[in-house]
Amino acid sequence: MKTNRICQILGIEKPVIQGPLSWLTDARLVAAVSNAGGLGVLGPNAGLTAETTVSTPEETAEKMREEIRKTKELTEKPFAVNLIPSPQNDIWTPGILQVMKDEAVKAVVYTGYGDGAIIPALFDELKAAGIAIIYRDINPTPANSREAERAGADIIVATGFDEGGTLPGTALGTFSIVPMIVDAVENVPVLAAGGIVDKRTARAAHALGAEGVFAGSVFISTVENRVPQSVKDKIVAANGLDLSLFRTLPDYYRSLPGKLTEKLVAMDKAGASNEEIGDAMGGLRGLRLGMLEGNTDEGYISLGTGIGGIKAIVSVADVVEQLAV
């Protein structure tokens, strides 16, 4: 396969980036993606378990350092860390960023949430450290994509409503948002995200103008992922029609069936506020319970609408090969 701009920027062989996936990432998964030629990404809470309590920025940073070092033991290839900066009172990013510098991490997935998410000084600091910036706004628009490009982003992620996890409030599907963002930026390549699980959907992403793919759900059902077998089996057995959509903070989520999901959908239909549904959902605690422990009574299993294309539990290497078109 010919080297493209994504590969050149990141120093990888295949333009396939694994989404951060919070609790569902660890050194084993991330190294497997990178060893297969893609770019693995350590998400928030990478490698941690339900029993681990991390309460301070210093402890959080050191836990990430441990997982980075474990990853480096398993691969010599580039991988990334996820940052979710806040424009005000951000006590978490400085420590994680320093660890990234100390450990010579080559790339960052910079997740932008809301107004002020693009912090030029932080972009400058990342660039000065030689860290490639993959910018992923939760609500991608032509305006914020151009702003990120001007600030120094190396790659922009165009995320469609087909994705799993925190959904874009704009509710535009992948087929709509990807060409819009491709046309909006001038000199940086675009990654497509949302509903990409196999060779067909990867080819479609490239046909829309993306130069690579950013995928999450398809890596959850892999051999190397740390989620329990029960969750992997549910993913393989399901398709997009099995997912329930509900409002929450900041906008929308979707999940496979379960007692908590049924409650959240009922609250939505009854007119509860996004804040009330968000409180009942439990944030990342609900994700941890549902996906890391398989407890759908108290947690949820959030996935993208493309899961019908996931037919079996396969290796990370098989997934990367499928998506590298």
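Calculation criteria
Per chain, the residues get numbers from 1 upward, laid out in the order the sequence is written. The model is predicted, so local features are restricted to residues of pLDDT at least 70 and side-chain atom pairs to those at 80 or more, both for listing and for counting; the totals for chains, interfaces and linings are taken over all residues. With hydrogens and water stripped out, all remaining heavy atoms of the structure feed into the side-chain values. Each helix is a run of DSSP H or I of at least 4 residues and each strand a run of E of at least 2, with the numbering of both proceeding from the N terminus. Here the term buried applies to any residue with accessible area under 20% of the maximum for its type, exposed to any over 50%, and partly exposed to those in between, with areas from a 1.4 Å probe on protein chains only. Should any heavy atoms of two residues lie within 4.5 Å, those residues are considered in contact. Accessible surface is estimated by sampling points in the Shrake-Rupley manner with a 1.4 Å probe; for residues, cover comes only from the protein chains shown. Only rings of Phe, Tyr and Trp enter the pairing, Trp through its six-membered ring, and a pair is recorded when the two centres are within 6.5 Å. The plane angle decides the type: under 30 degrees is stacked, over 60 is edge-to-face, the rest tilted. Lines fitted to C-alpha atoms define the axes here, with helix axes fitted over just the stretch in contact, and angles between the N-to-C directions of these axes take values from 0 to 180 degrees. To sort the angles, those under 35 degrees are grouped as roughly parallel, those over 145 as roughly antiparallel, those from 65 to 115 as roughly perpendicular, and the leftovers as oblique. Each residue is assigned to one of three groups, with Ala, Val, Leu, Ile, Met, Phe, Trp, Tyr, Cys and Pro labelled nonpolar, Asp, Glu, Lys and Arg labelled charged, and all others, Gly among them, labelled polar. Within this document, salt bridges are pairs made up of a side-chain nitrogen of Lys or Arg and a carboxyl oxygen of Asp or Glu, the two lying within 4 Å of each other. When DSSP finds two or more bridges between a pair of strands, those strands are recorded as paired.

Peer 1: Tell me about the overall build of the protein chain, and please be specific about residues and values.
Peer 2: Secondary structure summary: the protein chain contains 14 helices and 10 strands in total. C-alpha extents for the protein chain along the principal axes are approximately 50 × 45 × 35 Å. Taken over 325 residues, the protein chain has a buried fraction of 56%. Sequence-distant contacts in the protein chain: of pairs separated by 6 or more residues, those separated by 24 or more amount to 66%. About 13200 Å² of surface is accessible on the protein chain, with carbon and sulfur atoms providing 50% of the total.

Peer 1: Please give an account of the packing of aromatic side chains that cites residues and values.
Peer 2: This structure, assessed with the given rule, holds 5 aromatic pairs. Aromatic side chains Tyr110 and Phe123 sit 4.7 Å apart centroid to centroid with 40° between the ring planes, which places their arrangement in the tilted category. Of the two residues, Tyr110 is situated in strand E4 (residues 107–112) and Phe123 in helix H5 (residues 120–128); the sequence distance between them amounts to 13 residues. Grouping residues by exposure puts Tyr110 and Phe123 together as buried. The interplanar angle of 75° and the centroid separation of 5.4 Å between the aromatic rings of Tyr253 and Tyr300 together place this pair among those described as edge-to-face.

Peer 1: Give me the lowdown on the packing of helix H11 (residues 259–269) against helix H12 (residues 274–281), citing residues and values where you can.
Peer 2: Between two packed helices, what matters for the description is the angle formed by their axes and the separation of those axes. In the contact formed by H11 and H12, the axes pass within 10 Å of each other and the chain directions differ by 170°. In terms of orientation, H11 lies roughly antiparallel with respect to H12. In this structure, H11 uses Leu260, Lys263, Leu264, Met267 and Asp268 to contact H12, whose residues at the interface are Glu276, Ile277, Ala280 and Met281. Taken together, the residues that form the contact of H11 with H12 break down as 6 nonpolar, no polar and 3 charged.

Peer 1: Quick one: what's the story with the environment of Thr296, residue by residue and with numbers?
Peer 2: By the element assignment, Thr296 lies in the loop between helix H13 (283–292) and helix H14 (316–323). In this structure the C-alpha to C-alpha distance between Thr296 and Arg247, which are 49 residues apart in sequence, comes to 18 Å. Every residue in contact with Thr296, bar those within four places of it in the chain, is listed here: Lys234, Pro257, Gly258, Lys259, Leu260 and Ile301.

Peer 1: For helix H2 (residues 27–35), give the residues involved together with the corresponding values.
Peer 2: Most of H2 is tucked away, with 7 of its 9 residues classed as buried. Buried residues of H2: Ala27, Leu29, Val30, Ala31, Ala32, Val33 and Ser34, and no others. Of the surrounding secondary structure, the elements contacted by the buried residues of H2 are strand E1 (16–18), strand E2 (40–42), helix H3 (57–74), strand E3 (79–83), helix H9 (217–220) and H14.

Peer 1: Lay out the pattern of salt bridges in plain terms, naming residues and giving numbers.
Peer 2: Evaluated as defined, the whole model comprises 15 salt bridges. Between Lys77 and Glu13 there is a salt bridge, with its nearest N and O atoms 2.9 Å apart. Here the residue Lys77 occupies a position in the loop between H3 and E3, and Glu13 occupies one in the loop between helix H1 (5–10) and E1, the gap between them amounting to 64 residues. Judged by its relative accessible area of 47%, Glu13 falls in the partly exposed class. Where salt bridges share partners, they join Glu62, Arg65, Arg69, Lys72, Asp102 and Glu103 into one cluster.

Peer 1: Provide a residue-level description of the pairing of strand E10 (residues 252–255), including the pertinent values.
Peer 2: Here strand E9 (residues 244–247) pairs with E10 via 4 bridges, running antiparallel. Note on E10: the bridge partner recorded for Phe246 is Tyr253. Turn length for the E9-E10 hairpin, with the two strands adjacent in sequence and antiparallel, is 4 residues.

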